Amino acid sequence: MYVQTPEFARHAERIAEVTDATSRLNALPFSDDRGRTELLSVVFGGPLPESVTIYPPFFTEYGLNTTFGENVFVNQGCTFMDKGGIRVGDGVMIAPKVSLITGGHPLPLAERRAYLSFAPIVIEDDVWIGASAVILQGVTIGAGAVVAAGAVVSRDVPARTLVGGVPARVIKTID
């Protein structure tokens, strides 16, 4: 996406709207379930499944490109940069301070400030993502996989494996 376009201007307007909503969400008393539900509906463009739990603080840039399955748990301090699309499957557990980043910039210096690139993140069913892990654009995490705390995932993760490290690599298969 070239940043000097009407499309980018609309994107920036949405970012401002969502940043306002998440700022209010993150300032609410935790006991204000109704307020949290209403603000998450603004952020994600509609109600979430009742079985989805998102603990604040929570940060996202766009909101409209994230979908959740059933029985998803997102712990405190997570960041979902979702312009490229994020799909979270059923039974996914996301630990504190996890970042899902679907956007980036081109490598050439002459293009870096002028363009944004996006690719989706897919998290299949029953995945557990450990604390402070970072999942980068274009990655699919296979069903039943575990991402170790602090891992940086830049490549697809096979189903039923444990990955860890920077960059993340397969450590073992999970029975």
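Please refer to the structure placed before this passage.
Reading the values: the criteria
- Residues numbered from 1 in each chain as written.
- Predicted model: local features only at pLDDT ≥ 70, side-chain atom pairs only at ≥ 80, totals over all residues.
- Heavy atoms only, no water.
- Salt bridge = Lys/Arg side-chain N within 4 Å of Asp/Glu carboxyl O.
- Helix = DSSP H or I, 4+ residues; strand = E, 2+ residues; numbered from the N terminus.
- Buried < 20%, exposed > 50% of the residue type's maximum accessible area, 1.4 Å probe, protein only.
- Phe/Tyr/Trp six-rings, centres within 6.5 Å; stacked < 30°, edge-to-face > 60°.
- Lys NZ or Arg CZ within 6 Å of the ring centre and 35° of its normal.
- Pairing = 2+ DSSP bridges.

Participant: Would you mind going over the pattern of salt bridges with me for this structure?
Facilitator: It is possible for side chains bearing opposite charge to pair when their charged atoms get close. One pass over the full model with this rule turns up four salt bridges. A salt bridge links Arg 14 to Glu 17; its shortest N-O distance comes to 3.4 Å. Of this pair, Arg 14 and Glu 17 are both found in helix 1 (residues 6–27), three residues apart, which corresponds to roughly one turn of the helix. Of the charged contacts, one joins Asp 33 and Arg 36 as a salt bridge, the two residues approaching to 2.7 Å between their closest N and O atoms. Highlighted residues: Asp 33 and Arg 36, both in helix 2 (residues 33–44), separated by three residues, approximately one helical turn. Owing to a relative accessible area of 13%, Arg 36 belongs among the buried residues under this scheme.

Participant: How should the packing of aromatic side chains be read in this particular structure?
Facilitator: The relative placement of two aromatic rings is captured by the distance of their centres and the angle of their planes. For the structure on display, the rule yields six aromatic pairs. Look at Phe 44 and Phe 68: their rings are 5.2 Å apart centre to centre, the planes differ by 90 degrees, and that puts the pair in the edge-to-face class. Note that Phe 44 is positioned in helix 2 and Phe 68 in strand 3 (residues 66–68), a separation of 24 residues in sequence. The residues Phe 44 and Phe 68 share a single accessibility class, namely buried. With 5.1 Å between their ring centres and 75 degrees between their planes, Phe 58 and Phe 80 make a pair best called edge-to-face. Of this pair, Phe 58 sits in strand 2 (residues 58–60) while Phe 80 sits in strand 5 (residues 78–81); the two residues are 22 residues apart in sequence, bridging distant segments of the chain. A network of ring pairs unites the aromatic residues Phe 44, Phe 58, Phe 68 and Phe 80 as a single cluster. Lying over the aromatic face of Phe 30, Arg 36 brings its terminal NZ or CZ to 4.6 Å of the ring centre. One cation-aromatic arrangement involves Lys 83 over Tyr 62; the distance from NZ or CZ to the ring centre is 4.5 Å.

Participant: Teacher, can you tell me more about the sheet that holds strand 5 here?
Facilitator: Strand pairing in a sheet is mediated by backbone hydrogen bonds. Such pairs are either parallel or antiparallel. The five strands lie next to each other as 2-5-8-13-16, forming an open sheet whose pairing is parallel. With one partner strand each, in any of the chains shown, strand 2 and strand 16 (152–153) form the two edges of the open sheet. With three bridges connecting them, strand 5 and strand 8 (residues 99–101) associate as parallel partners. Looking at the pairing, Thr 79 lines up with Ser 99 of strand 8.

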